[in-house]
Amino acid sequence: IKLKQLESGYSNVSWIKEFTTLLSRGMLSYFRNKTVFYARLINYLFNSIILMGFYFGIGNKDNIFFNLLGICFNTTNNYFITGMFTSLFMFPVIRKVLKREYSAKMYRVSSFYFHHIIVTFIPALIYSLIFSPTIYFSLQTVMDFPGLLLFWLCNFCLFSLSESFGTMCGAALGDQLGLIVSPLF
């Protein structure tokens, strides 16, 4: 009976079990891949140092409105492009694993993509917790907890959106076309 269920495409494992198994495997894989983790960490650190150098103490200067627009633009641009390209370059590997394991009927596509979303949220949380306070306090604008919380939330959403956008471009457009078209979006 179990063989017939597998041949017909039905899994006798619940969606939640598939999701939790994929999530634990994905988190383990992400944190074992030290090269990608440290490369992204160094890239974000380098971008943060550059942004802090350009915009250090803008709260004490005249024309603060344009300076804040500049930091918002540069933060969005640097962090979004970094996260998008990282996810875009990782997607060919993910696609091969998905095709192989889905053809073996190991799990549903929905559980795979939901686990992938959560796996990308965890690094976004880590990177935004590290770099948001450093940039926020270097600006020397209004130093309050609600402002820091809002800045962190914006950065977290930015990191998450860039990862998701890179995954979407990699899935929808393919490797080479996604590399060309995604910066235009």
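Rules of the game
Every chain is numbered independently, its residues counted from 1 as its sequence is written. Local features are withheld for residues below a pLDDT of 70 in this predicted model, meaning they are given only at 70 or higher, and side-chain atom pairs are given and counted only at 80 or more; totals for whole chains, interfaces and linings count all residues. Side-chain numbers here rest on the full set of heavy atoms in the structure, without hydrogens or water. Only centres within 6.5 Å qualify two rings of Phe, Tyr or Trp (six-membered ring in Trp) as a pair; their planes then separate them into stacked at under 30 degrees, edge-to-face at over 60, and tilted for everything else. Each helix corresponds to a stretch of at least 4 residues labelled H or I by DSSP, and each strand to a stretch of at least 2 residues labelled E; elements are numbered beginning at the N terminus. Note on exposure labels: buried denotes an accessible area under 20% of the residue type's maximum, exposed denotes more than 50%, and partly exposed covers the range between, all computed with a 1.4 Å probe on protein chains only. Any two residues whose heavy atoms approach within 4.5 Å at even a single point are treated as in contact. Our working definition of a disulfide is a cysteine sulfur pair at a distance within 2.5 Å. For every residue, the predictor states its confidence as a pLDDT score lying anywhere from 0 to 100. Each patch is built from salt-bridge-free residues with over 30% relative accessible area, joining like charges within 9 Å and nonpolar side chains (Val, Leu, Ile, Met, Phe, Trp, Tyr) within 5 Å. Residue-level accessible areas treat just the shown protein chains as cover; the underlying method is Shrake-Rupley with a 1.4 Å probe. In the sections that follow, a salt bridge refers to a side-chain nitrogen of Lys or Arg positioned within 4 Å of a carboxyl oxygen of Asp or Glu.

Novice: Where do I start with the packing of aromatic side chains in this structure?
Specialist: In this description, an aromatic ring pair is defined by two values, namely the gap between the centres and the angle between the planes. Summed over the entire model, instances satisfying the criterion amount to 20 aromatic pairs. With 5.7 Å between their ring centres and 80 degrees between their planes, Trp-15 and Phe-114 make a pair best called edge-to-face. With Trp-15 in helix α2 (residues 15-32) and Phe-114 in helix α5 (residues 109-139), this pair connects stretches of sequence that are 99 residues apart. Each ring, one from Phe-112 and one from Tyr-113, has its centre 5.6 Å from the other, and the planes form 85 degrees; the classification is edge-to-face. What makes Phe-112 buried here is its relative accessible area of 4%. When its relative accessible area of 28% is taken as the criterion, Tyr-113 is described as partly exposed.

Novice: What exactly am I supposed to notice about the environment of Ile-118 here?
Specialist: Following the sequence through the fold, Ile-118 ends up in helix α5. The class for Ile-118 is partly exposed, based on a relative accessible area of 31%. Not counting residues up to four positions away in its chain, the partners in contact with Ile-118 are Phe-19 and Leu-23.

Novice: Just checking my understanding: could you explain the state of the cysteines for this structure?
Specialist: Here is the idea: a disulfide is a covalent bond, and it sits between the sulfur atoms of two cysteines. Tallying each qualifying case throughout the model produces zero disulfides. Of all cysteine sulfurs in the structure, the one in Cys-154 sits closest to Cys-72, which takes part in no disulfide; the separation is 7.8 Å.

Novice: Would you take a moment to explain the confidence of the model for the protein for this structure?
Specialist: Averaged over every residue, the pLDDT of the protein is 81; the share at 70 or more is 90%. Across the protein, the secondary-structure element scoring lowest on mean pLDDT is helix α1 (residues 2-8), at 44, and the one scoring highest is α2, at 89. Low pLDDT, under 50, characterises residues 1-7; the predicted model gives this stretch five contacts beyond four residues in sequence or across chains.

Novice: Explain a nonpolar patch on the surface to me, please; I cannot follow it from the model alone.
Specialist: The grouping of Phe-114, Ile-117, Ile-118 and Phe-121 at the surface amounts to a nonpolar patch, some 310 Å² of accessible area in total. Along the chain, the position of Ile-117 falls in helix α5.

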